[in-house]
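Structural characterization, general
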Amino acid sequence: MKKRLLAALMTSAMMVSMLAGCGSTGGETTAPEGGETAESGDGYSMTLIMSLRDEFLSTLEAGAQAAAEEAGVTLATQDAQNDTGKMLQFIESARNAGDDAVLINLVDAATAQQCIEAAGDMKVVFVNRVPEDTSVLTAGSSAAVVSNENQSGGYQGEFLANYFKEKGQTDVRYLMLQGTLGLVHTEQRSASVIQAMKDGGLNPIEAAAPLVADYDRAVAMDMISPLLTTTEFDCIIANNDAMALGAVEAMTAQGLDPTSIPIVGIDATVDGVQAIKDGTLAMTVFQDANGQGYGAVQAAVNLIEGNAINDGTDYETDETGNIVWVPFEPVTAENVADYE
């Protein structure tokens with residue numbers, strides 16, 4: 001799948017996503033490419049609880065709202081503001097309101113069992129962030145719709161391996177901007193990019209200790225700035241586009257050319273895609289926020305109706321049948337037009 005949802009769908013769905021806490025509105029929508037239009041779910045009510053509302057998760061919310069409209073599902077949305085306590089309160093409120101299912105973007109991957117217990121008899125679908133212990137997922141009652149984070153860092157590492165092999169360079173000094181420590185996807189993105197570089201024949205060398213910038217653009221810019229003129233490095237690796245763009249801005253502010261070295265990110269945000277077009281970002285990895293939101297609603301309907309959790313989509317599941325994989329896709333200058 002190399003396209004986002006149709007532009008018309010996105011415009012409509014994003015408008016809906018701005019109305020936090022409100023149910024979805026009527027209207028015809030289109031399923032993600034390769035999927036099927038949902039034909040069941042009439043009368044069900046669900047709540048999507050996000051860890052926070054940023055650019056990526058707002059897009060995920062739009063995908064969920066689009067799926068809910070197609071299925072005739074009433075979908076409310078809540079922002080937990082990175083507070084697990086608030087998330088649990090929202091889950092209990094959804095249960096008390098008689099919702100059929102709750103879609104959860106975990107604040108803390110270690111609290112999945114608490115969320116399931118708070119949900120009671122509701123079906124539970126974790127979206128975007130997989131539980132730390134996936135054994136808490138139970139066929140028929142809970143599931144996860146996520147992307148394989150090892151794949152995202154793997155695509156970064158493959159790109160860097162090809163880039164430096166073409167230059168005849170094996171020893172590669174890197175600066176790494178990491179997201180929030182303790183999060184599974186931070187750990188997997190960081191480890192998999194280094195492993196893929198090694199698998200590609202490189203010898204990756206830390207130019208400095210990893211910088212923990214919490215997925216924040218401004219924090220990344222501040223943290224990396226002192227290293228740009230005091231450390232020798234060949235590339236910058238960031239766990240997401242926001243931090244990668246912070247590095248671009250830091251280099252530009254110091255009169256350095258960000259196109260002189262490869263800077264790589266993850267998520268293919270609007271700004272990240274534009275930076276690839278401009279040449280300041282070497283590559284990113286498309287994480288299908290729309291697909292995750294759409295797949296989460298579809299999985300919840302499937303749980304309620306006793307179907308396989310990936311019915312109505314073209315996504316694969318893991319060996320347990322409890323996790324739906326929404327694939328990552330590498331984005332470079334060669335294919336960036338597909339992601340505008």
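This report concerns the structure included in the present document.

**A look at the overall build of the protein chain**
Counting its secondary structure elements, the protein chain contains 10 helices and 14 strands. Out of the 340 residues belonging to the protein chain, those deemed buried represent 55%. By sequence separation, contacts in the protein chain at least 24 residues apart represent 72% of the contacts at least 6 residues apart. As presented, the protein chain carries roughly 13600 Å² of accessible surface, and 48% of it is formed by carbon and sulfur atoms.

**Re the packing of helix α7 (residues 217-224) against helix α8 (residues 241-253)**
Two measures define how a pair of helices packs: the angle their axes make with one another and the distance between the axes. It is at 7 Å that the axes of α7 and α8 come closest, and there the two elements cross at 45°. Considering the angle they form, α7 stands oblique to α8. As α7 packs across α8, the resulting crossing turns out to be right-handed. Here R217, A220, M221 and I224 of α7 lie close against α8, whose contacting residues are A242, M243, L245, G246, A247, E249, A250 and A253.

**Digging into the packing of aromatic side chains**
Under the definition given, this model contains three aromatic pairs. Between the aromatic rings of F159 and Y163, the centroid separation amounts to 6.4 Å while the plane-to-plane angle is 25°, which identifies the pairing as stacked. Within this pair, F159 and its partner Y163 are both found in helix α5 (residues 149-166), separated by four residues, close to a single helical turn. Site record: aromatic cluster; members linked through ring pairs are F159, Y163 and F164.

**Section: the nonpolar core**
The nonpolar side chains of a soluble globular protein tend to be buried, and buried together. L177, I224, I236 and I263 are the most contacted members of the largest nonpolar core, which has 32 residues in total. Those elements that place two or more of their residues in this core are β6 (171-178), α7, β9 (235-238), α8 and α9 (270-278). Top element by residues in this core is α8. It accounts for seven residues. For I224, the residues in contact, after removing those within four places along its chain, are L175, L177, L211, I236, A247 and A250.

**Points about the environment of Q195**
On the secondary structure map, Q195 appears in helix α6 (residues 184-199). By relative accessible area, which is 41% here, Q195 ends up partly exposed. When the C-alpha positions of Q195 and G154 are compared, they lie 7.5 Å apart, and in sequence the two are 41 residues distant.

**Quick notes on the sheet that holds strand β1 (residues 45-50)**
Pairing in this open sheet of seven strands is mixed, and the strands run β2-β1-β3-β4-β5-β13-β12 from one edge to the other. The open sheet has two edge strands, β2 (74-79) and β12 (316-317), and neither has a second partner. When β12 meets strand β13 (residues 323-325), the two strands line up antiparallel, connected through two bridges. Counterpart to E316 in the pairing with β13 is W325. Docked against the sheet, helix α3 (residues 84-96) engages β1, β2 and β3 (101-104), running at close to 175° with respect to β1.

**Quick word on the layout of surface pockets**
Here the largest pocket defines a volume of roughly 520 Å³. Along the walls of the largest pocket sit 25 residues, with D54, F56, Y215, N240 and D267 positioned nearest its centre. Secondary-structure elements contributing two or more residues to the lining of the largest pocket are α2 (55-71), α6 and α8.

**Regarding a negative patch on the surface**
A surface patch of like charges, here negative, comprises D108, E132, D133 and E187. Checked against the element boundaries, D133 lands in the loop between β4 (123-127) and β5 (142-146).

**A word on unusual backbone geometry**
For D214, which is not glycine, the phi torsion reads 55° and is therefore positive. Located in the positive-phi region is A268, a residue other than glycine, with phi close to 55°. Considering the arrangement of structural elements, one finds A268 in the loop between β10 (263-264) and α9.

**Regarding the environment of K277**
Relative to the elements of secondary structure, K277 occurs in helix α9. Those residues in contact with K277, other than ones at most four positions away along the chain, are V336 and E340. A polar side-chain atom of K277 sits 2.6 Å from a polar atom in the side chain of E340.

Cut-offs used in this document
- Residues numbered from 1 in each chain as written.
- Predicted model: local features only at pLDDT ≥ 70, side-chain atom pairs only at ≥ 80, totals over all residues.
- Heavy atoms only, no water.
- Helix = DSSP H or I, 4+ residues; strand = E, 2+ residues; numbered from the N terminus.
- Buried < 20%, exposed > 50% of the residue type's maximum accessible area, 1.4 Å probe, protein only.
- Contact = heavy atoms within 4.5 Å.
- Areas by Shrake-Rupley, 256 points an atom, 1.4 Å probe, with all protein chains shown as cover.
- Axes fitted to C-alpha atoms, helices over the stretch in contact; angles between N-to-C directions.
- Parallel < 35°, antiparallel > 145°, perpendicular 65-115°, else oblique.
- Left-handed = near helix turned anticlockwise from the far one by under 90°.
- Phe/Tyr/Trp six-rings, centres within 6.5 Å; stacked < 30°, edge-to-face > 60°.
- Core = buried A, V, L, I, M, F, W, Y, C linked by side-chain atoms within 4.5 Å.
- Pairing = 2+ DSSP bridges.
- 1 Å grid on protein atoms, 1.4 Å probe; cavity = no way out; pocket = protein on both sides within 12 Å on 5 of 7 lines; lining within 4 Å.
- Points joined across faces, edges and corners; volume = space filled by probe spheres on them.
- Patch = residues over 30% accessible without salt bridge, like charges linked within 9 Å, V, L, I, M, F, W, Y side chains within 5 Å.
- Salt bridge = Lys/Arg side-chain N within 4 Å of Asp/Glu carboxyl O.
- Lys, Arg positive; Asp, Glu negative; His and termini not counted.
- Charge placed at Lys NZ, Arg CZ, Asp CG, Glu CD.
- Polar contact = N/O pair within 3.5 Å; in protein donor to acceptor, adjacent residues only side chain to side chain.

Without other data, these values stay purely geometric and don't point to any function.
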